[in-house]
Amino acid sequence: MSTDTILSFEEAMEKYDPVLGFEVHVELNTKTKMFSSAPNVFGDEPNTNVNEVDLGMPGVLPVVNKTAIESSIKIGLALNCKIAETCRFARKQYFYPDTPKNFQTSQYDEPIAYDGYLDVELEDGTVFRVEIERAHMEEDAGKLTHMGGATGRIQGADFSLVDYNRAGVPLVEIVTKPIEGAGSRAPELAKAYVAAVREIVKNLGVSDAKMERGNVRCDANVSLRPHGRERFGIRSETKNVNSLRAVEHAVRYEIQRHAAVLDSGEPVIQETRHWHEDTRTTTSGRAKSDADDYRYFPEPDLVPMVASREWVEELRATLPEPPAERRKRLKADWGYSDLEFRDVVNAGVLDEIEETIAAGASASVARKWWMGEIVGRAKAADVDPGQLGVQPATIVELAQMVEAGKINNKMAAQVLDGVLAGEGTPAEIVEKRGLAVVSDDGPLLEAIDAALAAQPDVADKIRGGKVQAIGAIVGGVMKATRGQADAGRVRELILEKLGVTAQ
Amino acid sequence: MTEQNTTAAGLIRLSAAALAEKLRAGEVTAVEATQAHLDRIATVDGGERGVNAFLHVNAEEALAVAAEVDAIRAAGGAEAEALHYLAGVPIAVKDLIVTVGQPTTAGSKILEGWHSPYDATVVERLRAAKMPILGKTNLDEFAMGSSTEHSAYGPTRNPWDLDRIPGGSGGGSAAAVAAFEAPLALGTDTGGSIRQPGAVTGTVGVKPTYGSVSRYGAIAMASSLDQIGPVTRTVLDSALLHQVIGGHDPRDSTSLPEPLADLVAAAKTGNVEGLRIGIIKELHGEGYQAGVENRFNESLELLKEAGAEIVEVSCPNFQYALGAYYLIMPSEASSNLAKFDGVRYGLRVLPEEGPMTIERVMGATRAAGFGDEVKRRIILGTYALSAGYYDAYYGSAQKVRTLVQRDFDAAFAKADVLISPTAPTTAFRLGEKLDDPLAMYLNDVATIPANLAGVPGLSLPGGLADEDGLPVGIQLLAPAREDARLYRVGAVLEALLEEKWGGPLLAQAPELATSGTLETQEAK
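Residues numbered from 1 in each chain as written. Chains lettered and ligands numbered in written order. Predicted model: local features only at pLDDT ≥ 70, side-chain atom pairs only at ≥ 80, totals over all residues.

### Some details on the overall build of chain A
The secondary structure content of chain A amounts to 16 helices and 16 strands. The globule rule puts the C-alpha radius of gyration for 503 residues at 23 Å, and the 31 Å found for chain A is more than 25% above it. Each of the three principal axes of chain A carries a C-alpha extent, and together these read 95 × 55 × 50 Å. Of all 503 residues assigned to chain A, the portion counted as buried reaches 40%. (Helix = DSSP H or I, 4+ residues; strand = E, 2+ residues; numbered from the N terminus. Rg over C-alpha atoms; globule rule 2.2 N^0.38 Å. Buried ≥ 20, exposed ≤ 12 C-beta atoms within 10 Å, placed from the backbone.)

### Considerations on the interface of chain B and chain A
Taken together, the 36 residues of chain B in the interface contact 26 residues of chain A. Counting residues per element, the ones that place at least two in the side of chain B that touches chain A are α12 (321-336) and α13 (358-369) of chain B. Across the side of chain B that touches chain A, the residue classes tally to 17 nonpolar, 11 polar and 8 charged. (Contact = placed C-beta atoms within 7 Å. Nonpolar A, V, L, I, M, F, W, Y, C, P; charged D, E, K, R; others polar.)

### Quick look at helix α2 (residues 66-78) of chain A
Residues and elements named next belong to chain A. If you check α2, its first and last C-alpha atoms are 18 Å apart, about what 13 residues at 1.5 Å a residue would give, namely 18 Å. Within α2, 10 of the 13 residues are buried, which leaves the element mostly enclosed by the surrounding structure. Phi turns positive, to about 60°, at Asn-80, one or two residues after α2. (Expected span 1.5 Å × (residues − 1).)

### What about the domain arrangement of chain A?
Its domain assignment divides chain A into domain 1 (9-315), domain 2 (323-433) and domain 3 (441-498). Between domain 1 of chain A and domain 2 of chain A, the C-alpha centre-to-centre distance is 38 Å. (Domains from an automatic or database assignment.)

### Notes on the pairing of strand β7 (residues 276-280) of chain B
Residue and element names in this part refer to chain B. Where β7 and strand β8 (residues 309-313) come together, 5 bridges link them in parallel fashion. Counterpart to Ile-280 in the pairing with β8 is Val-313. In this view, the connection linking β7 to its parallel neighbour β8 by way of helix α11 (residues 290-305) has right-handed handedness. Direction of pairing for β7 relative to strand β9 (residues 417-421): parallel, over a ladder of 3 bridges. (Pairing = 2+ DSSP bridges. Right-handed = clockwise from strand over helix to strand, strands pointing away.)

### Some points on the nonpolar core
Grouped together as the largest cluster of nonpolar side chains are 245 residues, with contacts concentrated most on Ile75(A), Ile91(B) and Ile97(B). For this core, the element with the highest residue contribution is helix α3 (residues 186-204) of chain A, accounting for 10 residues. If we skip the residues at most four places from it in the chain, Ile91(B) touches Leu126(B), Met131(B), Ile133(B), Leu134(B), Ala182(B), Leu184(B), Ala185(B) and Leu186(B). The next biggest cluster of nonpolar side chains, apart from the first, holds 40 residues, and it includes Ile353(A), Ile395(A), Val419(A) and Ile429(A). (Core = buried A, V, L, I, M, F, W, Y, C linked by C-beta atoms within 7 Å.)

### Some details on the packing of helix α3 (residues 30-44) of chain B against helix α4 (residues 59-75) of chain B
All names here are of chain B. Between α3 and α4, whose axes approach to 7 Å, the crossing angle comes to 160°. Considering the angle they form, α3 stands roughly antiparallel to α4. From α3, Ala-30, Val-31, Thr-34, Gln-35 and Leu-38 reach across to α4, where they touch Ala-59, Ala-62, Leu-63, Ala-66, Ala-67, Val-69 and Asp-70. Residues of the contact of α3 with α4, tallied by class, amount to 9 nonpolar, 2 polar and 1 charged. (Axes fitted to C-alpha atoms, helices over the stretch in contact; angles between N-to-C directions. Parallel < 35°, antiparallel > 145°, perpendicular 65-115°, else oblique.)

### Notes on the packing of α12(B) against helix α14 (residues 372-384) of chain B
Residues and elements named next belong to chain B. At a minimum axis distance of 7 Å, the contact between α12 and α14 shows a crossing angle of 100°. Classified by the angle their axes make, α12 and α14 are roughly perpendicular. Here Leu-327, Pro-330, Ser-331, Ala-333 and Ser-334 of α12 lie close against α14, whose contacting residues are Arg-377, Ile-378, Leu-380, Gly-381, Thr-382 and Ala-384. Partitioning the contact of α12 with α14 into residue classes produces 6 nonpolar, 4 polar and 1 charged.

### Concerning the sheet that holds strand β2 (residues 91-94) of chain B
Residues and elements named next belong to chain B. Taking strand neighbours across the sheet as the criterion, the 11 strands line up as β1-β3-β2-β4-β6-β5-β10-β11-β9-β7-β8 in an open arrangement whose pairing is mixed. The outermost strands of the open sheet, each flanked by one partner alone, are β1 (54-57) and β8. Neighbour-to-neighbour, the strand axes of the sheet open up by a mean angle of 25°, direction not taken into account. Relative to strand β11 (residues 471-477), strand β10 (residues 457-464) is paired through 6 bridges, and the arrangement is antiparallel. Looking at the pairing, Leu-460 lines up with Ile-474 of β11. Its contacts with the sheet put helix α18 (residues 483-501) on β5 (204-207), β7, β9, β10 and β11, and the angle it makes with β10 is roughly 10°.

Printed below as a string of structure tokens:
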């Protein structure tokens, strides 16, 4: 594997202006495949989710999955696209064993959705509009595994295995127009764009949107041109960059590599590139020219699809609120600071907090519980916070108990552990574990006397008017009562005992 | 001849409808009828001078299905009542249509020995009707040809003259029916592959309206043109079979949602009074054999006498139809046949030397597995779809297709049914046109427009040409979904002609000598 020369990113940016373009493939989570009734399931034994259609047996015919069309229209609408009134599939022809028919049934010049845009928010809140050229439907290919070679690529392999479970899985390919003007934020924009697409399809419920499973796959196109020049440079297409971090790194690397090539006076070669996560570099793939001839022609086994305006409007009415708008609304409603809200988003508990508030908790209580208690427990258990199974009603009940002075926060945390351990409802656990704030003043007064005796200097300070010193005594009492005392009542009793008026 | 042989000889000459009546009346069993046909196949199909209509004979299963029908009939009751009218009537299936339990070759070496894991929709429907499937019939490789000489398994011979072609691509189905090896057969028609063999063998063949019979399980040549249809000895039999195989199929996206009108009732209408029958100016006269032209005119006279109004229509764009067809068909075929690559099923040939890459294995397999005509059309289609040529070839051909449809629209505004000779000539000699593809292609000049427009067409025997004594076909064409008109007019014309001949045309066909043995058949 030869190593390419690269410039530093800063130097590349000084000399050149990057232009990006993305092709994001989204696997739809329909029950069955794009053109057959075989199940669309990830991770099963190879070649089990296939029937005669997926295997391209002689005589078979495709039938379009209606749900896949609906999902595609929803994606188109969420990307602010126009939806074609009629559109067709075509055959993209090439001989390769991952496509059992030796052609891929794909939309070509008649995409179902076209001319849209997506407003992408960068980390500092800057909004960058990415123009969408089209979103079209196609079928996924089978998965080839090359055996015996050192690289896992077909070159040098002894033989190859093919799994057709993925063949025919419905895909929507979202293609951007050339993205200009991102400048040095190009890598960040790349990551944010793919993240935004992933979030949209997840929010629509049309894809599982797991990049690690290949539900969302990104091909990143990069070209450079000297500052001030309008004409685009020659692009490279880095295929299958399959994590958000990798998208950012791949774009950054390609910018640095292109800059070095241009600096050397050599032309950039139009080609596909392979991304290597281990070295964070790309290597040359297949030379690609615009003259690649796939002999496209309209798929004669399918009739044109007609999306009536009524149907499109019906689907539009079912669309969930766009994620960016929803975030804006929730942040305002809840009154969180920028930092608080970003932490909530990054912790992935937006939905959970929303549900907890809906169940009756205040915004601050909901945030305190999820961010203060549950996120940490989820991290320890190595699961998503939502997967711990904490019900909004549980949090509401706990918060009410604390507010009513029945238990304090420390006890409430213990009760939560009990709930997670399956010991019952919060009320049952309080009962079972004997957790109740001590409200009988007798034992409290004893503990207060002991605490005052233990820290006579503090007692003097309080008598002298330094009421803020009371914390040390309260702490001593709480410790002595193993946290079961009502801290507020303890404070009152101490002041009473010392003859100091509460301020 | 023994008494039993006489009975068997009579059985095989019955129309499907007549046989169905005898089965229902209990005069004959389905096993007897099926066995009679299997015996006939054993007698005339194999050997050097055999008809060679069958690539595979399915004796065991056919007899089992027949025995099941007999048992149900013998038991009586609701199940017997529910039996399909054609239950127990045997049928042959073109080997382009996939069948579980029998090999399907498409007439090609590339699929030799391949067994389909699923049944074609039409085969499911035959099974549902409990029609014993006698076997799979010969064809030009992947249905590409007009003579069945392009079969990888040797040509089929025309029962009227064993040195002549039976038409193609469905020569096997037509010859099987003409030689009384089967009362019924299924064919596929992309440019005339049912109708032209029907014409040259003196049988009836129907290409239904595109979408009225499911294509699921018919190995595709040209998806937008292919259609499965009946091959029979009478018009009524075609109507009966068409109703068995027709109707919506959710597995075929091009399948029509609405059923056609009652075709059997149409075949029994019995009059053509007041119907306007249009002669297509461009589809007779110059280029048509004199004997063909004579028989055609004779049919026109008979229809006129029966009260039909004969009008002339012009379809000027039909002159471009053959050219457009030979761009669209190979374009689609080049794509449809891409799947035959040795990777998943069928023949796999390894390159004799050099690196064993996937491209080279695919190349070696396709080089060895496909015959010359298939390769010719794949090359033609690949070229026509190539970047830079697409608009000039495929694109222009699609425009012609639209013009042909408009010609039909205009013609059907003036006539209820159109009429022409089915083929310009009678059966030519084996080998006569094998080295001249263009001459071979011209045989389909009258049948191709119907495929381009998706309209239904029926060919029925119009008599024997004066100069060679060979069958001439008369083609009827109707607007899309109006297949019933073909059966109405066809049955009337058939009755008038048979009255003139004093019986079916096939009664005039020469007796076939015993050509093979049962052993050679089973070896198939």
